[in-house]
Amino acid sequence: MSRGRFISFEGGEGAGKSTQVALLAEALTSRGIGCLSTREPGGSRGAEEIRQLLVQGDVGRWDSMCEALLHFAARRDHVTTVIEPALQDGTWVICDRYTDSTFAYQGHGQGLDITFIKNLHRTATNDIWPDLTIILDVPVAEGFDRISGRATSDDRYERMDGEFHTRLRAGFLEIAAQDPQRCAVVDSRQTTEDVHREIVELVEKRLGL
Ligand code: TMP
């Protein structure tokens, strides 16, 4: 049984990640590939409980280090109980956000030291990285326009200011520039179908689908 492939999706608010995760999962399934769609923070029982602490409540309830530690507590549970067992089973894992979000949000957005985050990642996840990371890029104002239509969201991060979100976008683009072997940036201002087509081409090219 060969190990499954690990694909993560990243991007700021309103980049369209969840739609694209679902479309890619459908495309893989239709080609006979067993795949699991999951998300962070969350994706396992314990991590979903930690997610509530992270996304609810006052914007300033945690400092950046507390946030990173909570994200990595959730991530460790998710990796050890869900992601790694699935990969070992030959299942492909598609994850809506992973450690690049900690680099972007807590690092670039909130000023936490990037080396500290790298070290946490190494210890907490046994240094597991996706085989491919798709960064959906959208201008901040356009992303916010898209999410303003959502009825139910009370996400702390969506209430953080515009400058924070501008730093995030720049952070994701920097991550992609520093690790072009693993990362690919896709312009999410295209139609949903065109974004999906580009993603399938990337998966074919990079992972030999
Ligand atoms: P979601 O809205 O994509 O479900 O993610 C919840 C929020 O958590 C989102 O606004 C980004 C934030 N987040 C971080 O700040 N650091 C992280 O490491 C992860 C995975 C998410």
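Computed from a predicted model, the values in this text were never measured in an experiment.

Taken together, 15 residues lie around the ligand, and Glu13, Arg51, Arg97, Thr102 and Gln106 are the ones closest in. In the model, a nitrogen atom of the ligand is placed 3.1 Å from a nitrogen or oxygen of the His71 side chain. Within the residue set of the shell around the ligand, elements represented by two or more residues are α2 (45-55), α3 (64-88) and α4 (99-109). The greatest single-element share of the shell around the ligand, amounting to four residues, is contributed by α4. Class assignment of the residues belonging to the shell around the ligand gives a composition of four nonpolar, four polar and seven charged.

As enumerated under the stated definition, the model contains five aromatic pairs in all. On the numbers, 5.6 Å between centres and 90° between planes, the contact of Tyr105 with Tyr157 is edge-to-face. Taken as a pair, Tyr105 in helix α4 and Tyr157 in the loop between α6 (140-148) and α7 (162-178) lie far apart in primary sequence, 52 residues in all. Grouping residues by exposure puts Tyr105 and Tyr157 together as buried. What links up through ring pairs into an aromatic cluster is the set Tyr105, Tyr157, Phe164 and Phe172. The positively charged end of Arg75 is found above the aromatic ring belonging to Phe72, 4.7 Å away from the centroid. Above the ring of Tyr98, the side-chain terminus of Arg75 is found at 5.4 Å from the ring centroid.

With 14 residues, helix α1 (residues 17-30) extends 20 Å from end C-alpha to end C-alpha; this agrees with the ideal 20 Å at 1.5 Å per step. Every buried residue of α1 is accounted for by Lys17, Gln20, Val21, Leu24, Ala25, Ala27 and Leu28. Projected down its long axis, α1 carries its buried residues within an arc of 165°, all on one side. The exposed residues of α1 that point more than 90 degrees off its buried face are Ser18, Glu26 and Ser30. Looking at the packing, one finds that the buried side of α1 touches β1 (6-11), β2 (35-39), β3 (92-96), β4 (132-137) and α8 (192-207). Two residues or fewer past α1, Gly32 is found with a positive phi of approximately 80°.

So, how was this worked out
Residues numbered from 1 in each chain as written. Predicted model: local features only at pLDDT ≥ 70, side-chain atom pairs only at ≥ 80, totals over all residues. Heavy atoms only, no water. Near = heavy atom within 4 Å. Polar contact = N/O pair within 3.5 Å; in protein donor to acceptor, adjacent residues only side chain to side chain. Helix = DSSP H or I, 4+ residues; strand = E, 2+ residues; numbered from the N terminus. Nonpolar A, V, L, I, M, F, W, Y, C, P; charged D, E, K, R; others polar. Phe/Tyr/Trp six-rings, centres within 6.5 Å; stacked < 30°, edge-to-face > 60°. Buried < 20%, exposed > 50% of the residue type's maximum accessible area, 1.4 Å probe, protein only. Lys NZ or Arg CZ within 6 Å of the ring centre and 35° of its normal. Expected span 1.5 Å × (residues − 1). Arc of directions from axis to C-beta. Contact = heavy atoms within 4.5 Å.

The quantities given are spatial measurements derived from coordinates; they are silent on function.
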